[in-house]
Number of protein chains: 2
Amino acid sequence: MMPDLQPGQKLARGVARHLRAHGFVSVEEFVPARGLRVDVMGLGPRGELWVVECKSNRVDFTSDSKWQGYLDWCDRYFWAVDTDFPSELLPETTGLIVADAYDAEIIRMAPEDRVAPARRKALIQKFAVHAARRLHDLRDPRV
Amino acid sequence: MMPDLQPGQKLARGVARHLRAHGFVSVEEFVPARGLRVDVMGLGPRGELWVVECKSNRVDFTSDSKWQGYLDWCDRYFWAVDTDFPSELLPETTGLIVADAYDAEIIRMAPEDRVAPARRKALIQKFAVHAARRLHDLRDPRV
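As a starting point, this report considers the structure included with it. Every chain's residues receive numbers from 1 upward, in the order its sequence appears when written. Each chain is given a letter, starting from A, and each ligand a number, starting from 1, according to the order in which they appear as written. Whole-chain, interface and lining totals are the exception, using all residues; otherwise, since this is a predicted model, local features are given only for residues with pLDDT of at least 70 and side-chain atom pairs are given and counted only at 80 or more. Working from all heavy atoms in the structure, the side-chain values ignore hydrogens and water.

## Quick look at the interface of chain B and chain A
And step 1. Opposite the 31 residues of chain B that make contact, chain A presents 31 residues.
And step 2. Here's the idea: put two parts together, see how much 1.4 Å probe accessible area each one loses, and the total over both is what we call buried area. Carbon and sulfur atoms supply 60% of the area that chain B and chain A bury against each other, a total of about 2,700 Å² over both sides.
And step 3. The largest share of the area that chain B buries against chain A comes from Arg-20, Gln-125 and Leu-135 of chain B, three residues that together contribute 21% of it.
And step 4. The term salt bridge refers to a pairing of a side-chain nitrogen on Lys or Arg with a carboxyl oxygen on Asp or Glu at a separation within 4 Å. In this assembly, chain B and chain A are joined by six salt bridges.
And step 5. Salt-bridge contacts for Arg-20 of chain A lead to Asp-137 of chain B; the nearest nitrogen and oxygen are separated by 3.0 Å.
And step 6. Pairing of N or O atoms within 3.5 Å defines a polar contact, subject to two protein rules: one partner must be a possible hydrogen donor and the other a possible acceptor, and residues neighboring in sequence count only if both atoms are side-chain atoms. Viewed at the interface, chain A and chain B are joined by 10 residue pairs in polar contact (both at pLDDT 80 or more).
And step 7. Secondary structure elements are defined from DSSP: runs of H or I of at least 4 residues count as helices, runs of E of at least 2 residues count as strands, and each element is numbered from the N terminus. Looking at the side of chain B that touches chain A, the elements that each hand over two or more residues are helix H1 (7–21), strand S1 (25–30) and helix H3 (117–139) of chain B.
And step 8. The dominant element in the side of chain B that touches chain A, judged by the number of residues it contributes, is H3 of chain B, at 14 residues.
And step 9. Residues are grouped as follows: nonpolar covers Ala, Val, Leu, Ile, Met, Phe, Trp, Tyr, Cys and Pro; charged covers Asp, Glu, Lys and Arg; every other residue, Gly included, is treated as polar. When grouped by side-chain class, the residues that make up the side of chain B that touches chain A number 15 nonpolar, five polar and 11 charged. The contact criterion used is simple: two residues touch if any of their non-hydrogen atoms lie within 4.5 Å.

Structure follows, in structure tokens:
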């Protein structure tokens, strides 16, 4: 059964499935720092941090003035779009994932720009807290 | 609504609620290292790692030959038991939590024996993976 998801959330679901096939886990709507909220934060087996922003249409992308602020909070930055999206709009210096609600595919690997060790440590702890809190909310809704 | 939980899982649920009130998040059935599985692993705001083993009766405790192996994987080690448990059986060098399915209370704070930084880093990353994977399984059961 398909839950009632927004277009961007459908892309995020497909992205999360695909990341898992790469050995990554991920969370949605992760806040790396105050005022920032990324659609998908992936965590790889060696502590790699990938941000994936999901754009369901052109305006969704052109109206986004924040994305460059996310670059400092990940090792690789990707866009996830559907097959109809005019992907030539997207900067070639970022990664490209084509997704739907069921799966995704990395079309262009993002260049790597590794975050510093202290920031990585803090982000992974924040990721752990985010995931555990959401999990607890789902398992024990009376919390 | 109370899901159909085993006695130990009920204690774990109360423990998780109480830890949250202390600013901790937690996961259940966490595997810190091959062959070990702890009932509750709590993660504190400054990266503190607390293990809580839940014992629903005397035999559950006396038949446990593994618990000392958990001491190396946390900063503080606790037992969680219900009010009927003969708590004098439990070593005084460990922490004591009295719990039920709804809440818990720390009766005796466990002594602190901090894990080394490299191990803490690895454990927090493992905690993040565990929590995110369980969360993903619940949110998208078709994964």
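## A short note on the relation of the copies chain B and chain A
And step 1. Mapping chain B onto chain A calls for a screw motion: a turn of 180 degrees about the axis and a shift of 0.0 Å along it, with 0.0 Å RMSD after fitting. What we have between these two chains is a two-fold relation. No C-alpha of chain B lies nearer the rotation axis than that of Ala-128 of chain B, which sits 1.9 Å from it.
And step 2. Residue by residue, 100% of the interface of chain B is reproduced at the interface of chain A, so both copies engage with the same surface. To superpose the copies, least squares is applied to the C-alpha atoms of every residue with a pLDDT of at least 70 in both.

## Points about the nonpolar core
And step 1. Nonpolar core, defined: a set of buried Ala, Val, Leu, Ile, Met, Phe, Trp, Tyr and Cys residues in which side-chain atoms within 4.5 Å join the residues together. Burial classification: accessible surface area is computed with a 1.4 Å probe over protein chains only, and a residue below 20% of its type maximum counts as buried, one above 50% as exposed, and the rest as partly exposed. Of all hydrophobic cores here, the largest spans 59 residues; its most connected members are Val-27, Met-41 and Phe-127 of chain A together with Val-27, Met-41, Leu-43 and Phe-127 of chain B.
And step 2. In terms of residue count, helix H3 (residues 117–139) of chain A provides more of this core than any other element does, eight residues in total.
And step 3. Once residues lying within four places of it in the same chain are set aside, the contact partners of Phe-127 of chain B are Ala-128 and Ala-132 of chain A together with Val-25, Ser-26, Val-27, Phe-30, Met-41, Gly-42 and Leu-43 of chain B.

## Topic: the sheet that holds strand S5 (residues 95–99) of chain B
All names here are of chain B.
And step 1. When DSSP finds at least two bridges between two strands, those strands are taken to pair. Reading across the sheet, the six strands line up as S1-S2-S3-S4-S5-S6 and stay open at both edges, with mixed pairing between neighbours. One side of each edge strand has no neighbouring strand; the edge strands of this open sheet are S1 and strand S6 (104–108). In this sheet, adjacent strand axes meet at a mean angle of 30 degrees when their direction is disregarded.
And step 2. Both S1 and strand S2 (residues 38–43) contribute to a ladder of five bridges, which runs antiparallel. Note that in S2 the partner of Val-25 across the bridge is Leu-43.
And step 3. Here an axis means a line fitted to C-alpha atoms, over the contact stretch when the element is a helix, while the angle between two N-to-C directions is reported on a 0 to 180 degree scale. Each of S1, S2, strand S3 (49–55), strand S4 (76–81), S5 and S6 is contacted by H1, which is oriented at about 150 degrees to S3, the strand it contacts most.

## Observations regarding empty space enclosed by the protein
And step 1. Cavity means a closed set of points on a 1 Å grid over the protein atoms alone, one where a 1.4 Å probe fits but cannot get out, pocket means an open set with protein on both sides within 12 Å along at least 5 of 7 lines, and lining means a residue has an atom within 4 Å of a point. Grid points are joined across faces, edges and corners, and a volume is the space filled by probe spheres set on the points. As enumerated under the stated definition, the model contains one cavity of 30 Å³ or more in all.
And step 2. There is about 70 Å³ of room inside the largest cavity.
And step 3. As for the largest cavity, its lining consists of Pro-117, Arg-120, Lys-121, Ile-124 and Gln-125 of chain A together with Lys-121, Ile-124 and Gln-125 of chain B.
And step 4. Those elements that provide at least two residues to the lining of the largest cavity are H3 of chain A together with H3 of chain B.
And step 5. The leading source of residues in the lining of the largest cavity is H3 of chain A, at five residues.
And step 6. Its residues placed into classes, the lining of the largest cavity shows three nonpolar, two polar and three charged.

## Structural notes on the pattern of salt bridges
And step 1. Here the structure, examined in full by the defined rule, presents 18 salt bridges over all chains.
And step 2. Residue Lys-55 of chain B pairs with Asp-60 of chain B through a salt bridge whose shortest N-O separation is 3.9 Å.
And step 3. You can call Lys-55 of chain B buried: its relative accessible area is 6%.
And step 4. Note on Asp-60 of chain B: relative accessible area 26%, which makes it partly exposed.
And step 5. For Lys-55 of chain B, the salt bridge identified is with Asp-64 of chain B, shortest N-O distance 2.9 Å. The same class applies to Lys-55 of chain B and to Asp-64 of chain B, which are both buried.
And step 6. Put simply, Lys-55, Asp-60 and Asp-64 of chain A are held in one network by salt bridges that share partners.

## Some details on helix H1 (residues 7–21) of chain A
All names here are of chain A.
And step 1. A helix is expected to span 1.5 Å multiplied by its residue count minus one. In this model H1 runs 22 Å from its N-terminal to its C-terminal C-alpha over 15 residues, within 8% of the 21 Å that 1.5 Å per residue would give.
And step 2. Residues of H1 that are buried include every one of Leu-11, Ala-12, Arg-13, Gly-14, Val-15, Ala-16, Arg-17, His-18 and Leu-19, and no others.
And step 3. Directly after H1, the chain includes Gly-23, whose backbone phi takes a positive value near 85 degrees.

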